[in-house]
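A closer look at the structure
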Amino acid sequence: NYTMIYNVNPDQAINRALLAFSIETVLMRVGAPYYEKVTARLENEYHIGISDCDKNPEALKQILLDIFGKSYKQILDEIKMELGGESTKQYYSSFLNAITE
């Protein structure tokens with residue numbers, strides 16, 4: 001008999017995966033060194049990965065601001081574009097608002 005250890009809402013799992021994929025895609029497009037810099041800082045300073053950024057958007061925001069400065073807004077726009085029509089869903093719009101303000 002198989003028992004699930006974790007109770008994961010399938011929609012939530014899909015949302016988290018798409019968000020992480022979108023962030024990773026944008027950072028890789030900017031350049032692998034930037035992707036590596038962001039992921040290293042997330043791990044070293046906040047002990048999280050990109051897939052955990054939905055729970056701690058402030059961490060991602062701070063790192064993106066530090067690394068990209070004024071170009072940070074462009075990174076946000078790229079993430080929004082990568083999410084496409086999904087960016088209007090509550091899950092994504094809350095995240096985007098948290099890293100925009």
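Preceding block: the structure.
Here is a short report on the structure shown in this document. The structure displayed is predicted, hence computed values, not measured ones.

1. A few points about the overall build of the protein chain
Across its full length, the protein chain carries five helices and zero strands. If you list the helices and strands of the protein chain from N to C, you get α-α-α-α-α. Relative to a compact globule of 101 residues, whose C-alpha radius of gyration would be 13 Å, the protein chain shows 14 Å and is just as compact. Taking the principal axes of its C-alpha atoms as reference, the protein chain extends roughly 55 × 30 × 25 Å. Taking all 101 residues of the protein chain together, 33% fall into the buried category. Look at the contacts in the protein chain between residues 6 or more apart in sequence, and 63% of them connect residues 24 or more apart. Between the mean site of the 10 positive side-chain charges and the mean site of the 14 negative ones, the protein chain shows a separation of 5 Å.

2. Section: helix α1 (residues 10-30)
Over its 21 residues, α1 runs 30 Å from end to end, which matches the ideal 30 Å to within 8%, given 1.5 Å per residue. Residues of α1 that are buried: Asn15, Leu19, Ala20, Ser22, Ile23, Val26 and Leu27. Down the axis of α1, the buried set is contained in an arc of 155°. They therefore lie on one face. In this structure, α1 carries Pro10 and Ile14 as exposed residues pointing more than 90 degrees from its buried face. Lining the buried residues of α1 we find α2 (32-46), α3 (57-68), α4 (72-83) and α5 (90-100). The positive-phi residue at the C-terminal boundary of α1 is Gly31, with phi of around 150°.

3. Quick notes on the pattern of salt bridges
Oppositely charged side chains can pair when the atoms bearing their charge come close. Per the counting criterion, the structure on display carries seven salt bridges. A salt bridge links Glu86 to Lys89; the shortest N-O distance between them is 2.9 Å. Relative accessible area serves as the criterion here: at 29%, Glu86 is assigned to the partly exposed category. A residue is classified by how much of its surface remains accessible, and Lys89, at 41% relative accessible area, is partly exposed.

4. Details of the side chain of Asp54
Note that Asp54 resides in the loop between α2 and α3. Residue class for Asp54 comes out buried when judged on its relative accessible area of 19%. A distance of 2.9 Å separates a polar atom in the side chain of Asp54 from a polar atom in the side chain of Tyr91. Setting aside its immediate chain neighbours within four residues, Asp54 contacts Arg16, Leu19, Tyr91 and Phe95.

5. Quick look at unusual backbone geometry
Phi at His47 takes a positive value of approximately 60°, unusual for a residue other than glycine. Secondary-structure assignment places His47 in the loop between α2 and α3.

Rules used throughout
Residues numbered from 1 in each chain as written. Predicted model: local features only at pLDDT ≥ 70, side-chain atom pairs only at ≥ 80, totals over all residues. Heavy atoms only, no water. Helix = DSSP H or I, 4+ residues; strand = E, 2+ residues; numbered from the N terminus. Rg over C-alpha atoms; globule rule 2.2 N^0.38 Å. Buried < 20%, exposed > 50% of the residue type's maximum accessible area, 1.4 Å probe, protein only. Contact = heavy atoms within 4.5 Å. Lys, Arg positive; Asp, Glu negative; His and termini not counted. Charge placed at Lys NZ, Arg CZ, Asp CG, Glu CD. Expected span 1.5 Å × (residues − 1). Arc of directions from axis to C-beta. Salt bridge = Lys/Arg side-chain N within 4 Å of Asp/Glu carboxyl O. Polar contact = N/O pair within 3.5 Å; in protein donor to acceptor, adjacent residues only side chain to side chain.

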